[in-house]
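Chain residues, written in single-letter form:
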Amino acid sequence: MRYRNIAAVAVSTAVVASLAAACSSGGSSSSGGSGGGGSSGGRGPITVVQGKDNSNTIPTLTQMWNSTHPNEKVTFKQQSDSADDQLSDLQQHFQAKDPNYDVVSVDVIWTAQFAAQGWIEPLKGQYALPTDALLPATVKAATYAGTLFAAPSSSDGGLLYYRKDLVPTAPKTWDEMIADCKKATAGMGCYAGQYANYEGLTVNAAEAINTAGGVFVKEDGKTPNVDTPEAKKGLDFLVNGFKQGYIPKDAIGFKETESLNAFQTGKLLFMRQWPYGVSILNTASNSVVKGKFGIAPLPGLTADKPGASSLGGHSWAMSVYGKHKATAIDFMKFSESDPVQKYLLTQASLAPVTTALYSDPTLVAKAPYLPTLLQSIQNAVPRPVTPFYPAVTKAIETNVYAALQGQKSSEQALKDLQAAINSAASGGG
Amino acid sequence: MTSSVQAPPAPSGEATIEQPKRGFPWGVVGSYASIIIILIWCLAPFYYMTIMAFRDPNYALDTSLLPRHLTLSNFKYAFNTTNNHFGRSLVNGVIIGTCVTVVGMAVGVFAAYAMARLQFRFKYAILGAVLAASMFPGVAILTPLFQLFSNWGWLGTYQGLIVPQISGALPLAVFILTSFFTDMPWELEQAARVDGATPGQAFRLVILPLAAPALFTCAILIFLSVWNEYLLSSVLYNGNDNVAPPTVALAKFTAGPHVIPYTQTMAAGLIVVIPLVIVVLLCQRRIVSGLTAGGVKG
Amino acid sequence: MSHMQSVPGGVEQEALAEEKELVEGYRPEKGRKKIATGEGRLAFFLVTPTVLLLALIVGYPVVKAIISSFQKDRGLDTATGFFNQGGGFAGFANYKTWLLQQCPAPGGGTVKCPPGTLASEFWASVGFTLGVTIVAVALETVIGMIMALMMHKAFKGRGIVRAAILIPWAIPTAVSAKLWQVIYAPGGVADSILHHNIIWSEKWPARIAIVITDTWKTTPFMALLILAGLQGIPDELYESAKVDGASAWQRFWRITLPLVKPALAVALIFRSLDTLRMYDLPAILTGGANGTSTLSILVVKQIQSGPNSASALSTITFIFIFACAFVLVKALGASIMPRPAAKGR
């Protein structure tokens with residue numbers, strides 16, 4: 001046996017292989033379509049990338065599209081369940097200028113940064129998309145620097161779940177809800193949302209602050225304006241909740257699952273939650289609230305205006321590196337069409353983006369919370385639309401979390417938040 | 001009369017009773033008690049992992065320390081590919097581990113031989129450089145490799161995961177094998193040379209076969225450390241489940257969007273751990289001697 | 001690398017001793033015999049692949065990172081609203097951001113990094129990294145020493161104990177992090193054993209949880225290394241000490257400790273360096289939240305939003321670790337006696 005020869009061969013093979021890889025894969029990074037413009041002859045098969053299809057909608061959608069577009073077949077690629085992983089996956093493929101991702105599903109909070117990076121195609125000119133039938137909040141969230149960059153495909157808003165066996169009418173204001181707390185039975189917390197140190201905290205904090213009339217940033221999307229009395233009022237609603245006890249102490253670790261679990265097992269009187277919880281509460285085996293809970297818009301500061309909810313949902317965006325952009329834009333329009341929107345609601349509980357569908361009788365029969373959800377979305381405020389969203393949301397999460405834990409006063413938290421958003425929006429953090 | 005009783009010198013394998021004959025034998029009881037404490041320390045969490053792996057997910061928050069609500073469903077779920085690609089990650093672990101081990105040892109054994117047997121300029125400088133290379137934290141090479149691999153399209157590929165780990169395997173191999181070769185008696189090679197063998201032949205026919213146990217130990221230690229690796233793999237696998245090693249697959253293990261998979265994760269973890277524990281137990285003497293190579297002698 | 005278990009052993013002692021020499025002044029060996037051409041050339045061929053591979057995989061990235069750390073990350077062109085390419089010369093700006101807490105302010109200039117930015121966590125991270133290293137390594141050493149002493153007392157079943165001790169070492173860190181995550185779950189086993197609902201996601205409970213988990217995993221390993229050192233101490237020393245009337249404590253202090261110091265020192269240095277690089281455990285157990293971010297975690301978080309700044313931070317990190325290594329070697333180096341040269345001659 002020739003050890004030395006084998007070793008020499010192995011090492012040189014490895015070296016040669018790496019050099020070869022280096023030289024050859026230069027190809028993939030230099031290819032890629034030119035941004036903007038481009039001939040409208042860009043038709044052909046496309047790959048559509050989205051998160052995990054937990055409700056098995058892909059086969060039907062694929063069939064619906066492919067049957068009418070035999071030469072422009074769509075292939076879906078599923079990413080992981082975790083939003084952070086989905087984001088990293090998209091960032092990586094865009095940075096590598098991958099031409100294989102034609103249409104990608106973006107969370108409403110990612111649109112601005114993808115647009116600013118020059119990764120997604122502005123939807124104007126030959127790629128224009130009509131937006132009159134769409135919910136205004138969803139269009140606003142998909143717009144950056146005055147241009148539409150993504151096609152809203154599904155929407156979401158926060159709702160108030162309440163135990164209607166204990167509280168016959170849902171509270172319309174924060175004060176009413178706090179007064180209703182005494183109707184909670186023993187061992188039951190009063191109200192909870194999602195307050196763990198993650199994106200859900202930004203959602204809940206945004207709702208509280210926006211409901212009280214405050215904002216995080218001004219209209220330009222980057223100048224912070226959060227150090228105001230209105231914002232303090234909103235933040236105090238949550239801070240006092242922990243101090244005075246109408247928000248249970250362990251809610252500081254709640255994400256969606258934990259808060260839903262608490263309501264499901266009868267440990268909460270009121271819960272702020274996305275609509276997906278409705279079917280789970282009605283069907284889960286350990287749910288003690290079947291038929292005993294109701295849905296209402298989030299309580300506001302005063303009785304005349306419901307609380308502002310945070311806009312959720314996803315949009316479709318077109319990669320500038322894709323080769324078949326004409327097909328891509330058609331697919332995006334297809335996904336906003338009524339049949340597809342209806343299917344997504346009935347199959348996957350994804351709220352539609354078309355205003356008219358909210359009053360469609362068949363849909364309302366399927367999902368009775370739809371009119372309430374419409375109200376919620378119409379009163380929804382998008383989270384800050386900024387290309388530095390990751391840094392901004394981190395600034396919000398860190399400072400709000402510290403305030404909720406009592407580590408700093410709400411005034412200090414808002415001051416620090418103002419400074420942090422300034423820094424984040426200037427490229428720091 | 002001396003007040004202390006001198007026990008006869010005991011062979012070094014037995015406890016000497018230090019007290020005078022009267023009184024409770026604290027020494028013996030103490031040493032057995034302490035052994036039990038050590039056993040509990042080492043094995044209790046592992047035991048907990050086992051009972052949770054067999055516990056029905058609906059009772060995940062049942063804090064009983066006895067095996068309860070037994071089921072095999074967690075193990076079935078571990079290989080279910082709807083949400084995870086755990087089975088694939090085991091294969092990936094074997095592939096990556098084998099490649100890193102082979103390359104690390106194939107390259108390292110020659111350097112180790114040179115370090116142990118030959119005199120040459122810069123010998124200690126090179127040894128120091130190898131030591132320094134192993135002291136860099138993973139993050140020091142992570143950022144540039146991430147960008148480099150991003151340009152080469154190596155993110156989410158096997159080579160992207162194998163190559164960086166050689167940075168740790170190679171120094172490990174060099175250290176273990178250098179120590180081993182140093183302790184090896186020179187006479188054997190001398191004898192072979194006297195018999196007319198070239199240095200190369202002496203190495204191949206005399207040293208390597210004798211070094212087989214050390215090579216084996218070295219291979220095991222490198223393989224184990226590759227299976228332990230998380231930092232580089234978790235970033236460089238880039239979301240591609242087809243190349244993710246078991247540590248990454250386990251860290252991301254999920255049972256659906258709104259569920260915390262306590263028991264399922266423990267089952268998957270047990271599947272990863274059992275083979276490792278078996279290998280370690282079978283080879284414990286080798287491993288322990290490899291880890292303490294040369295540290296005790298002299 | 002951070003994932004590799006340290007393998008302290010004789011070669012390391014030698015290498016450390018030689019490093020000490022190199023560090024303190026190169027003293028070329030006088031009178032060393034001229035290297036026979038054949039031997040030198042053979043050595044060259046044998047050693048080059050290793051050196052080359054390490055230069056490629058470790059040397060080149062580290063150098064590249066240092067170069068990148070002086071470049072700017074992508075910035076936003078406020079006029080168009082789009083990102084530019086980045087890559088211009090930034091001088092020490094990235095370093096100042098981390099070390100001096102100078103974050104960009106709107107309209108140019110810098111401002112002290114406000115809480116909520118990643119940069120503001122730098123010093124807290126340094127504190128936590130150092131703190132967890134000192135506390136965990138101290139605990140591991142003391143408890144490991146006690147375990148080693150226990151195991152050293154001969155008895156039946158020593159094999160079982162040695163086998164049991166290897167189990168925490170054999171479990172990959174990521175797996176043990178997941179295991180302890182289940183143990184620390186709200187309403188889980190830890191809470192029920194302690195009869196107290198501890199909110200593990202607060203700062204000090206989270207930090208203590210990390211120390212406990214790390215100590216659990218590596219104390220047995222330390223015990224093993226110390227035991228190896230103990231076994232090298234001849235029994236006759238103890239016997240004659242007993243004859244001279246030394247008490248158990250005196251025997252420990254005067255005989256055991258000094259003679260086990262070399263093994264102890266090497267183990268301590270390598271464990272400390274390993275703990276300073278800690279990533280897997282806090283990343284999986286807490287995600288680095290609630291004040292449990294180590295420097296490695298900070299670097300990884302920074303990579304996505306600004307690779308050049310991440311390079312600066314990783315350079316700071318490895319300089320910090322090397323500095324700690326230097327301090328440790330200086331302090332403990334005297335205990336590490338080079339082995340009598342057994343170079344096979």
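Note: the structure precedes this text.
Reference entry: report on the structure contained in this document. If you're wondering where the values come from, they're calculated on a predicted model, not measured in any experiment.

What counts as what
- Chains are numbered independently. Their residues run from 1 in the order of the written sequence.
- For naming, the first written chain is A and the first written ligand is 1, with later ones following in the order written.
- The predicted nature of this model means local features are confined to residues of pLDDT at least 70 and side-chain atom pairs, given and counted, to a pLDDT of 80 or more, with totals for whole chains, interfaces and linings taken over all residues.
- Side-chain measures here rest on the full set of heavy atoms in the structure, leaving out hydrogens and waters.
- The numbering of helices and of strands both runs from the N terminus, where a helix is a DSSP run of H or I of at least 4 residues and a strand a run of E of at least 2.
- A simple rule labels every residue: compare its accessible area, found with a 1.4 Å probe on the protein chains alone, to the largest value its type can have, and call it buried under 20%, exposed over 50%, or partly exposed in between.
- Whenever Lys or Arg places a side-chain nitrogen within 4 Å of a carboxyl oxygen from Asp or Glu, that contact is recorded as a salt bridge.
- Here, two residues are considered to be in contact whenever any of their heavy atoms come within 4.5 Å of each other.
- Any pair of nitrogen or oxygen atoms within 3.5 Å is treated as a polar contact; in protein, a donor-acceptor pairing is required on top of that, and neighbouring residues in sequence qualify only through side-chain atoms on both sides.
- Any residue that is not Ala, Val, Leu, Ile, Met, Phe, Trp, Tyr, Cys, Pro, Asp, Glu, Lys or Arg is counted as polar, Gly included; the first ten are nonpolar and the last four charged.
- In this context, the arc is that of the directions from the helix axis out to the C-beta atoms.
- Once two parts are brought into contact, the accessible area they lose, counted with a 1.4 Å probe and summed over both, makes up the buried area.
- When DSSP locates at least two bridges between a pair of strands, those strands are taken to pair.
- Angular values range over 0 to 180 degrees, each being the angle between N-to-C directions of two axes fitted as lines to C-alpha atoms, with helices fitted over their stretch in contact.
- Only a pair of cysteine sulfur atoms within 2.5 Å counts as a disulfide in this structure description.
- Two aromatic rings from Phe, Tyr or Trp, using only the six-membered ring of Trp, form a pair when their centres are within 6.5 Å; if the ring planes differ by under 30 degrees the pair is stacked, by over 60 it is edge-to-face, and anything between is tilted.
- We call a crossing left-handed when the near helix sits turned anticlockwise from the far one by less than a right angle, and right-handed when that turn is clockwise.
- Definition of nonpolar core: a set of buried residues of the types Ala, Val, Leu, Ile, Met, Phe, Trp, Tyr and Cys, connected through side-chain atoms within 4.5 Å.

The phi torsion of most residues other than glycine is negative, and most of the peptide bonds are trans. Not every positive phi belongs to a glycine, and Asn56 of chain A is a case in point at roughly 55°. Counting through the fold element by element, Asn56 of chain A comes out in the loop between β1 (46–50) and α3 (58–68). Given a relative accessible area of 48%, Asn56 of chain A falls into the partly exposed group. The phi torsion at His69 of chain B lies on the positive side, around 50°, for a residue other than glycine.

Turning next to the pattern of salt bridges. Scanning all chains against the criterion turns up 19 salt bridges over all chains. Two residues, Asp236 of chain A and Lys232 of chain A, come together in a salt bridge whose shortest N-O distance is 2.6 Å. With a gap of 4 residues between them, Asp236 of chain A and Lys232 of chain A both fall in helix α9 (residues 229–244), about one helical turn apart. Under the relative-accessibility criterion, Asp236 of chain A is labelled buried at 15%. Among the residues examined, Lys232 of chain A registers a relative accessible area of 23% and is labelled partly exposed. Between Lys232 of chain A and Glu411 of chain A there is a salt bridge whose closest N-O contact spans 3.5 Å. Here the residue Lys232 of chain A occupies a position in helix α9, and Glu411 of chain A occupies one in helix α17 (residues 410–425), the gap between them amounting to 179 residues. The class for Glu411 of chain A is partly exposed, based on a relative accessible area of 39%. A cluster of three or more residues bridged by salt bridges with shared partners is formed by Glu140, Asp214, Arg271, Asp274 and Arg277 of chain C.

This part takes up the interface of chain A and chain C. Many authors give the size of an interface as the accessible area that is lost as the parts come together. Taken together, the contacts link 33 residues of chain A with 24 residues of chain C. Counting across the interface, chain A meets chain C through 1 salt bridge. Between Lys394 of chain A and Glu121 of chain C there is a salt bridge; the shortest N-O distance is 2.5 Å. At the junction of chain A and chain C, the tally comes to 6 residue pairs in polar contact (both at pLDDT 80 or more). Secondary-structure elements contributing two or more residues to the side of chain A that touches chain C are α4 (83–95), α5 (111–116), α16 (389–404) and α17 of chain A. Broken down by class, the residue content of the side of chain A that touches chain C amounts to 13 nonpolar, 14 polar and 6 charged.

Attention shifts here to helix α7 (residues 186–194) of chain B. Residues and elements named next belong to chain B. Taken residue by residue, α7 has Trp186, Glu189 and Ala192 as its buried positions. The buried residues of α7 occupy one face: seen down the axis, they fall within an arc of 130°. Pointing more than 90 degrees away from the buried face of α7 are the exposed residues Glu187 and Val194. Against the buried residues of α7 lie α3 (86–117) and α8 (199–228). Within two residues after α7, Gly196 carries a phi angle of roughly 105°, on the positive side.

With 111 residues of chain C in contact, the opposing surface of chain B contributes 115 residues. Summed over both partners, the interface of chain C with chain B comes to about 10,100 Å²; 75% of that surface belongs to carbon and sulfur atoms. On the surface where chain C and chain B come into contact, there are 0 salt bridges. Joining chain C to chain B, the criterion identifies 7 residue pairs in polar contact (both at pLDDT 80 or more). Per-element accounting of the side of chain C that touches chain B gives the leading share, 17 residues, to helix α2 (residues 37–68) of chain C.

Our next topic: the environment of Thr98 of chain B. Residues and elements named next belong to chain B. Within the fold, Thr98 resides in helix α3. Of the residues examined, Thr98 reaches a relative accessible area of 38% and is grouped as partly exposed. For Thr98 and Phe223, which are 125 residues apart along the polypeptide, the C-alpha to C-alpha distance reads 6.9 Å.

What follows is about the sheet that holds strand β2 (residues 74–78) of chain A. To summarise the sheet geometry, strands pair through backbone hydrogen bonds and adopt either a parallel or an antiparallel arrangement. All names here are of chain A. Strand order in the open sheet formed by 5 strands is β2-β1-β3-β12-β6, with mixed pairing between adjacent strands. Strand pairing shows two members of the sheet lacking a second neighbour, β2 and β6 (151–156), which therefore form its edges. Here the average twist between neighbouring strands, direction ignored, is 20°. Bridge count for β1 against β2 is 5 bridges, and the pairing is parallel. Bridge pairing in β2 links Thr47 to Thr75.

With that settled, the discussion passes to the state of the cysteines. Note: disulfide means a covalent bond formed between the sulfur atoms of two cysteine side chains. On inspection of all chains with the given rule, the structure shows 2 disulfides over all chains. The disulfide partner of Cys181 of chain A is Cys190 of chain A, and the gap between their sulfur atoms is 2.0 Å. Classification of the bridge connecting Cys181 of chain A and Cys190 of chain A rests on its S-S torsion, roughly -85°, and on that basis the disulfide is left-handed. Residue class for Cys181 of chain A comes out buried when judged on its relative accessible area of 16%. Among the residues examined, Cys190 of chain A registers a relative accessible area of 7% and is labelled buried. Sulfur-sulfur distance for the disulfide between Cys103 of chain C and Cys113 of chain C comes to 1.9 Å. The sign of the S-S torsion, about 100°, decides the handedness of the disulfide formed by Cys103 of chain C and Cys113 of chain C: right-handed. In this pair, Cys103 of chain C is assigned in strand β3 (residues 102–104) and Cys113 of chain C in the loop between β4 (110–112) and α4 (122–152), connecting sequence segments 10 residues apart. We classify Cys103 of chain C as buried; its relative accessible area is 0%. You can call Cys113 of chain C buried: its relative accessible area is 4%.

This part takes up the packing of aromatic side chains. Overall, the coordinates contain 45 aromatic pairs over all chains when judged by the stated rule. Between Phe263 of chain A and Phe293 of chain A the ring centres are 6.3 Å apart and the planes differ by 90°, which places this aromatic pair in the edge-to-face class. Taken together, the residues span a long stretch of sequence, with Phe263 of chain A in helix α10 (residues 256–264) and Phe293 of chain A in strand β10 (residues 293–296) at a distance of 30 residues. The same class applies to Phe263 of chain A as to Phe293 of chain A, namely buried. Here the aromatic rings of Phe70 of chain C and Tyr95 of chain C are separated by 5.4 Å at their centres, their planes lie at 45°, and the arrangement is tilted. Of this pair, Phe70 of chain C sits in the loop between α2 and β1 (76–77) while Tyr95 of chain C sits in helix α3 (residues 93–99), and the two are 25 residues apart along the sequence. Residue Phe70 of chain C is classed as partly exposed on the basis of its relative accessible area, which comes to 21%.

All names here are of chain C. It is the contact of α4 with helix α10 (residues 248–276), at a shortest axis distance of 10 Å, that shows an interaxial angle of 140°. Classified by chirality, the crossing of α10 by α4 is right-handed. Residues Thr129, Leu130, Val132, Thr133, Val137, Glu140, Thr141, Met145 and Leu149 of α4 lie in contact with α10, whose contacting residues are Phe252, Thr256, Leu257, Val260, Leu264, Leu268, Arg271, Ser272, Thr275 and Leu276. By residue class, the composition of the contact of α4 with α10 is 11 nonpolar, 6 polar and 2 charged.

Here we take up the sheet that holds β10 of chain A. Residues and elements named next belong to chain A. Spatially, 4 strands are ordered β8-β9-β7-β10 in an open sheet, and the strand pairing comes out mixed. Only two strands of the sheet have a single neighbouring strand rather than two, namely β8 (189–192) and β10. Averaged over all pairs of adjacent strands, the angle between strand axes in this sheet comes to 15°, irrespective of strand direction. Alignment of strand β7 (residues 159–163) against strand β9 (residues 268–273), held across 4 bridges, turns out to be antiparallel. Along β9, the bridge assignment pairs Tyr161 with Met271.

Another point: the pairing of β6 of chain A. Residues and elements named next belong to chain A. Among the 6 residues of β6, 5 are classified as buried, and the element is accordingly described as predominantly covered. As paired strands, β6 and strand β12 (residues 312–318) are joined by 5 bridges and run antiparallel to one another. Residue pairing in the sheet places Pro152 in a bridge with Ser315 of β12.

Bringing the nonpolar core into the picture now. Judged by nonpolar contacts, the single largest core of 193 residues is most densely connected at Phe86, Phe181, Ile222 and Ile287 of chain B together with Trp169 of chain C. Here this core takes 14 residues from α3 of chain B, the largest share from any one element. Among all residues touching Ile222 of chain B, those that are not within four sequence positions of it are Val100, Thr101, Met105, Ala169, Leu172 and Ala173 of chain B.

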